[in-house]
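# Commentary on secondary and tertiary structure
As a plain string of letters, each chain reads:
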Amino acid sequence: MDAIFKALNDPARRALLDSLQANDGQTLSDLEEVLEMTRFGVMKHLKVLEEANLIVTRKDGRFKYHYLNAVPLQEVVDRWVEPLLQQPAARAVTRLKTKLERDNAMSKPDFMMQTYINCTQDALWDALTDPAKIADYSFLATRVETQGNKLVYYTPDENVMLICTHTTEEPKTRIESTFEPHWQGPDVEMQASRFVYLIAVQGENCQLTLEHYNIPAGQEGVADGWNRTLSGLKTYLEANRAVKFAYQPEEA
């Protein structure tokens, strides 16, 4: 928490976060245009933000892309803001592509999220692949079932809301999957996208990184759903209890 508050206690770093919120996945050259300072000065601010885990980076050739990581910010809100407002915590974390399309189009994610979870690698892998466990922390789905290599998510009224087809797996370290939304109903065709889970062991903890690619226009809101899902997953594993950071209706 100290590193987060320190990182936010500077208008230049807040400006960088604002820029990434508006246009995620920028390079250092892109971000230099945000601040009136030297390239070295921008790099120093980015280093502070990265050390606070407020941004995550991804290298692709000679380019390094920077992404806003909303998970630590949401943890601050859940700990300090939501209790003061006396509101329940409400946070957590779409056409199929061929392999060649994936290789060509997946060089740069549309957004990334990253969190650290105090759990074993086995426990995290099980939570990401076991449909019964997924239903315990999914922010909206009340039931998840396996159909071959697909995970099918159902709403409380038993309508299909999401289908994720696992395309490649590296046991306990990586899952690549399609993301096919159906929440607008069976008569509305929504385009699919793709996401990747990356697991890295960090001592007694696990680092979980989410990368989401090729999000169609109009589906940018999936980032908030991922935020709620990852928050639910972290609480589920660390507190050993089912939790859903579901949307709350606005009071009239």
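Residue positions are given per chain, counted from 1 along the sequence in the order it is written. Residue-level local features of this predicted model are given only where pLDDT is at least 70; pairs of side-chain atoms are given and counted only at 80 or more, and the full residue set underlies all totals for whole chains, interfaces and linings. For side-chain calculations, the full set of non-hydrogen atoms in the structure is used, while hydrogens and water are omitted.

## Points about the overall build of the protein
Strands here are runs of E lasting at least two residues and helices are runs of H or I lasting at least four, both read from the DSSP assignment and numbered beginning at the N terminus. A tally of regular secondary structure across the protein gives nine helices and nine strands. Taken across its 252 residues, the protein has 46% of its residues classed as buried. For every residue, the accessible area obtained with a 1.4 Å probe (protein chains only) is divided by the maximum for its type, and the residue is called buried under 20%, exposed over 50%, and partly exposed between those limits.

## Side note on the sheet that holds strand β4 (residues 143–147)
As summarised here, the arrangement of the seven strands in space is β3-β9-β8-β7-β6-β5-β4, forming an open sheet in which the pairing is antiparallel. Looking at the sheet topology across the chains shown, the edges are occupied by β3 (111–117) and β4. Across the sheet, the mean angle from the axis of one strand to that of its neighbour is 20°, orientation sign disregarded. Sheet topology note: the β3/strand β9 (residues 205–213) ladder contains seven bridges and is antiparallel. The residue of β9 that forms the bridge with isoleucine 117 is cysteine 206. The contact criterion used throughout is that any non-hydrogen atoms of two residues lie within 4.5 Å. Angular values range over 0 to 180 degrees, each being the angle between N-to-C directions of two axes fitted as lines to C-alpha atoms, with helices fitted over their stretch in contact. Together, β3, β5 (150–154), β6 (160–170), β7 (174–181), β8 (193–202) and β9 form the strand contacts of helix α7 (residues 121–129), whose direction differs from that of β8 by roughly 165°. Of the strands in this sheet, β3, β7, β8 and β9 are in contact with helix α9 (residues 222–239), which crosses β3 at around 10°. In this scheme, strands are said to pair when DSSP sees at least two bridges between them.

## Focus: the pairing of β9
Counting buried positions over the nine residues of β9 gives eight, a clear majority of the element. Judged from the nine bridges that link them, β8 and β9 form a sheet pairing that is antiparallel. Directly across from valine 201, in β9, lies its bridge partner cysteine 206. Connecting the antiparallel pair β8 and β9 is a turn made up of two residues, with glycine 203 showing a positive phi of about 65°.

None of this, on its own, says anything about what the molecule does.
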